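Spelled out from the first residue to the last, the chains are:
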There are 2 protein chains.
Amino acid sequence: MPGSKSTAEQYAAYKLKMQKIADVKNAIAVLGWDQETYLPEKGAGFRGQQITTLSTIAHELFTSPELGSLLHDLHNNPELDAVQQKNIHLSLEDYDKNKKYPATLVAELSEATNQAYHAWIKARKANDYNLFEPALARMVELKKQETAVLGYNDHPYNALLNEYEKGANVEMLDTIFAEVKTALSPLLEDIAKQTPAQRDFLHLHFDRDKQWKLGIDLLKEMGYDMNAGRQDISEHPFTTSFNPLDVRVTTRIDENDFSNMTWSCIHEGGHALYEQGLPTEQYGLPCGEAASLGIHESQSRLWENNVGRSLNYWKFQYPRIQALFPEQLGNVSLQQFYKAINHVQPSLIRTEADEITYHFHIMIRYEIEKGLIDGSISTKDLNKTWNDYYRQYLHVEVPNDTQGVLQDIHWSHGSFGYFPTYSLGSFYAAQFFTTAQKQVPDLDASIAIGNYQPLLDWLRNNIHPFGRFYTSNELCKKITGNPLQFSYFLDYAAGKFL
Amino acid sequence: MPGSKSTAEQYAAYKLKMQKIADVKNAIAVLGWDQETYLPEKGAGFRGQQITTLSTIAHELFTSPELGSLLHDLHNNPELDAVQQKNIHLSLEDYDKNKKYPATLVAELSEATNQAYHAWIKARKANDYNLFEPALARMVELKKQETAVLGYNDHPYNALLNEYEKGANVEMLDTIFAEVKTALSPLLEDIAKQTPAQRDFLHLHFDRDKQWKLGIDLLKEMGYDMNAGRQDISEHPFTTSFNPLDVRVTTRIDENDFSNMTWSCIHEGGHALYEQGLPTEQYGLPCGEAASLGIHESQSRLWENNVGRSLNYWKFQYPRIQALFPEQLGNVSLQQFYKAINHVQPSLIRTEADEITYHFHIMIRYEIEKGLIDGSISTKDLNKTWNDYYRQYLHVEVPNDTQGVLQDIHWSHGSFGYFPTYSLGSFYAAQFFTTAQKQVPDLDASIAIGNYQPLLDWLRNNIHPFGRFYTSNELCKKITGNPLQFSYFLDYAAGKFL
């Protein structure tokens, strides 16, 4: 058609629009980072308002009719290359999804989240679930409405799962958590027969500045580029990315707990390496974004657990740590240290759980979320339901609501369907790491001499550069030859803990 | 008219639009703050892009026809109170001015600024003005075009002055700088006859951490609210505000120079107290913004010089500083210290100049800018012109371009008309402080015992709460009974330095 724009021009226009939206979203991320690190106390109110304004602008830009018609024009256009086609396809999916939400539901969800968050804070303080229950009930009601808006096959919870992990569904998770239960329960019993590890030396006094310096060193050694990122202190550790050349991590330091900072650094470092490895030239486009939460978590867990809690890792690192903390660790052998950091024991708090029992914590949340959304579980007396699950799966008695049903922030944020990605992350990590061990010559040996470059190279070749080009499952098959299989994790766990 | 909106509804709509624009602008300010404090090196490119995108959005929002018709509808509406009327009036002025700029000129200015900045960096490195000259010539050409777009009376430079200091013009500045020349030149000669102060102890080694802590203490004592602000390190000290409840300052520390951090803290503290004192309920509206650059600078200079370099201030502070740095200052008397920090001597670099010679630096820049804009001075050989001025006014020989015409960043940013506000700030400061001394009982005595609250109260009653409600000159008349008069500064300077 004379006068009409060429495909290349249209694609350039699409890219420009997406990059502008990304600029706004990344400005929001900067405001969020600042909020968690440096914001003065009294600035919180205006900051919230500034974030809301920018979020509205980003939403308006992303649902603009101009973007919509560009996407429809370009969809399935054979002149585009594969990556371009994928970008258009995914952007159109995102666009259509965004367009589905009625303005009333968006407003109600925003309002409910605000209310639920404050109710949760209040309930935690008072150690009383009943103060949270009405807000949670309202939230569940709205999430049910959301599943209807989004649409789903088989189970309404699938609609929510899909928001965090495209392709995940109840069928797949039921199968995998059945395996968790079947396989990990006896493993747990066997572990319980072992002599408990001595752990008190991990809770001696570890100087703040020395810990800080150690964390920075560990990050740098992993390959985290400090010229394209930085570490700061926040109440809860997190990773945030403004683009692959500015990916920031935070940590926290407890002078009476060696573990707290150490593995949070390695964990966030794993997330950050993924973000730093995303393709810069795809900035603002789906193929420049992380594949899914599960894949993101696979990167953090792979570094934290498969590497950072391995004997090989500490063969190299431990003498240095001993030299740094001679009073605390000078008389503790590598074997003692390794056993201590891999101690398995059922406990109350998810974020403090070991590699094995962790998945029971997730399974409980999964069962509850599924039940809340399909109506088989009620928010009424949910603290009792919670405690029953903990008794049944982990054989622990929950002493109060704060250490029970109120321990996680997620539901107050309306994040239903998020928790399962934590377990999926561990299972992907095991499958990926096992594959890397097969494909990279002397991978374990190189880790044992403190050389992580071969591992990072493998991740940078096989996982990081694709963004959302492959779904989690496609990526998993491409790399490992198989879809996600729990057996990898089981083999890893049995090998390590028995 | 039935169905039409009430004045209150229209004003609320105006306010909401302005606050959203402020949210975007303040997000840009956060991005800018981060850029100067914590941004990792490689993040600079994307950060520039993010700032450009948000600037474009802010500009689009502020030039939207909806805002325009609201402003026209509300202008001179007698149902509005005085502050509301002033907000509408000033917003409409700003709006009309923004609308005047042709898109081509905006783009050309942006491009020229980019080029000029990089040329300036390059020229400074090579110590060669000629590398900057073509970019500066282009910039001057565009600024001339800008004066035509903005319109002016009498002299084209007035259009540019007006951007930074509404109401300032060549006639007023010619008069005031003639007084500077007439009155300060003999003063300088008299001062030159005095025995030079001993200053070497200011350049002993002053520990970084101790200096940092001192700076924080000085800020807090001034009344700077650390729960509504914070201090960080940057290459050049600055103050930035995201709203009155989040006003941040930065400083730099030179371990071999006690002065560098000390007075930068007090100076930025003065700016910050002004921003923290602006009315929160006027967020986003003209009456919530600083009156002008000159008034802003009056606040920083008043604290830095009239207070922070006064004998009364150091009567209280000096013993504490001596206790903090006993090796360096233990044997230096208060009088010696006071003389050292008020040493007057012509020099090459504006930012290092004393309170008296500073205004010759500004006068030179003023004369040059005025000449560049009216065509009586050429960018060709401007380094020679510069050196001639320094020889004539300050009797110093400029050894090279970097220490001469290339020393300031302003022209590379296209900031013509900015420099004079520095001198105006000092002159307003003298006039305000003299008035405060008359109006506040025992002001000097309270400063001499480290109690700055009476001064802050006076500033908070007389200057801070009005925002742009009064112009600089109206404010000056209201507070002091007179328009800006150089005699206040002269009396202050003569009293202090002779």
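The shown structure was predicted, so the numbers you read here are calculated from the model rather than taken from an experiment.

A.B. asks: Please explain the nonpolar core as it appears in this structure.
C.D. replies: Grouped burial of nonpolar side chains is what soluble globular proteins tend to show. Residues and elements named next belong to chain B. Residues W303 and F337 are the most contacted members of the largest nonpolar core, which totals 125 residues. For this core, the leading source of residues is helix α8 (residues 170-192), giving ten residues. For this core, the domains that each give at least three residues are domain 1 (7-151) and domain 2 (152-205 + 273-498). If sequence neighbours within four positions are ignored, W303 has contacts with M222, I266, G270, L273, G308, Y452, L455, L456 and L459.

A.B. asks: Explain the packing of helix α1 (residues 7-37) of chain B against helix α2 (residues 44-62) of chain B to me, please; I cannot follow it from the model alone.
C.D. replies: Residue and element names in this part refer to chain B. Running from N to C, α1 and α2 point in directions that differ by 165°, and their axes come no closer than 9 Å. Taken together, the axes of α1 and α2 are roughly antiparallel relative to one another. The interaxial crossing formed by α1 with α2 has left-handed handedness. Contacts between α1 and α2 pair M18, I21, V24, K25, A27, I28, L31, G32, D34 and Q35 from the former with R47, Q50, I51, L54, S55, I57, A58, L61 and F62 from the latter. Here the contact of α1 with α2 is built from residues that sort into twelve nonpolar, four polar and three charged.

A.B. asks: Just to check I follow, could you spell out the UniProt feature "binding site: Zn(2+)" (unreviewed entry) in chain A for this structure?
C.D. replies: All names here are of chain A. When the UniProt feature table is mapped onto this chain numbering, "binding site: Zn(2+)" (unreviewed entry) sits at H267, H271 and E297. For the annotated residues, spread through 31 residues, the largest C-alpha to C-alpha distance comes to 8.9 Å, consistent with a single compact locus. Of note, H271 is situated in helix α10 (residues 258-277). Judged by its relative accessible area of 11%, H271 falls in the buried class. Sequence-distant contacts of H271, defined by excluding residues within four places in its chain, comprise T239, H296, E297 and S300. Mapped onto the fold, E297 is located in helix α11 (residues 293-307). Take E297: its relative accessible area is 6%, and that puts it in the buried class.

A.B. asks: So what exactly am I meant to see when it comes to the UniProt feature "active site" (unreviewed entry) in chain A here?
C.D. replies: Residues and elements named next belong to chain A. Within this numbering scheme, the UniProt entry marks E268 as carrying the feature "active site" (unreviewed entry). With respect to the element layout, E268 can be found in helix α10. Excluding its chain neighbours within four sequence positions, the residues that come into contact with E268 are P237, F238, T239, V249 and T250.

A.B. asks: Any chance you could explain the pairing of strand β2 (residues 239-243) of chain A here in plain terms?
C.D. replies: Taken residue by residue, a regular strand's side chains alternate between the two faces of the sheet. Residue and element names in this part refer to chain A. For β2, the tally of buried residues reaches four of five residues, placing the bulk of the element in the interior. The sheet contact formed by β2 and strand β3 (residues 246-251) spans four bridges and is antiparallel. Counterpart to N243 in the pairing with β3 is D246. Taking the residues that link successive antiparallel strands as the turn, the β2-β3 hairpin has two residues.

A.B. asks: Even after reading the chapter, I still don't get the interface of chain B and chain A, so can you show me in this structure?
C.D. replies: Many descriptions give the size of an interface as the accessible area lost when the pieces come together. Each partner contributes residues to the interface: chain B has 36 residues there, and chain A has 37 residues. Taken together, both faces of the contact between chain B and chain A bury some 3100 Å²; the carbon and sulfur share is 61%. When the buried surface of chain B facing chain A is broken down by residue, Y38, K42 and F46 of chain B rank first, second and third, together holding 20% of it. The interface formed by chain B and chain A holds six salt bridges in total. The salt bridge partner of R248 of chain A is D34 of chain B, with a shortest N-O separation of 2.7 Å. Connecting chain B to chain A are 17 residue pairs in polar contact (both at pLDDT 80 or more).

A.B. asks: Which parts of the structure should I look at to understand the environment of Q19 of chain B?
C.D. replies: Tracing the backbone through its elements, the reader meets Q19 of chain B in helix α1. Considered as a pair, Q19 of chain B and Y283 of chain B are 264 residues apart in the sequence and their alpha carbons are 6.6 Å apart.

A.B. asks: Help me out: how do you make sense of the pairing of strand β1 (residues 229-233) of chain B in this one?
C.D. replies: Residues and elements named next belong to chain B. With four of five residues buried, β1 lies mostly within the body of the structure. Relative to strand β3 (residues 246-251), β1 runs parallel, the two being bridged by five bridges. Within β3, the residue paired with D232 across the bridge is T250.

About the criteria used
Residues numbered from 1 in each chain as written. Chains lettered and ligands numbered in written order. Predicted model: local features only at pLDDT ≥ 70, side-chain atom pairs only at ≥ 80, totals over all residues. Heavy atoms only, no water. Core = buried A, V, L, I, M, F, W, Y, C linked by side-chain atoms within 4.5 Å. Buried < 20%, exposed > 50% of the residue type's maximum accessible area, 1.4 Å probe, protein only. Helix = DSSP H or I, 4+ residues; strand = E, 2+ residues; numbered from the N terminus. Domains from an automatic or database assignment. Contact = heavy atoms within 4.5 Å. Axes fitted to C-alpha atoms, helices over the stretch in contact; angles between N-to-C directions. Parallel < 35°, antiparallel > 145°, perpendicular 65-115°, else oblique. Left-handed = near helix turned anticlockwise from the far one by under 90°. Nonpolar A, V, L, I, M, F, W, Y, C, P; charged D, E, K, R; others polar. UniProt positions renumbered as here; feature names shortened; annotations may be inferred. Pairing = 2+ DSSP bridges. Buried area = accessible area lost by both parts, 1.4 Å probe. Salt bridge = Lys/Arg side-chain N within 4 Å of Asp/Glu carboxyl O. Polar contact = N/O pair within 3.5 Å; in protein donor to acceptor, adjacent residues only side chain to side chain.

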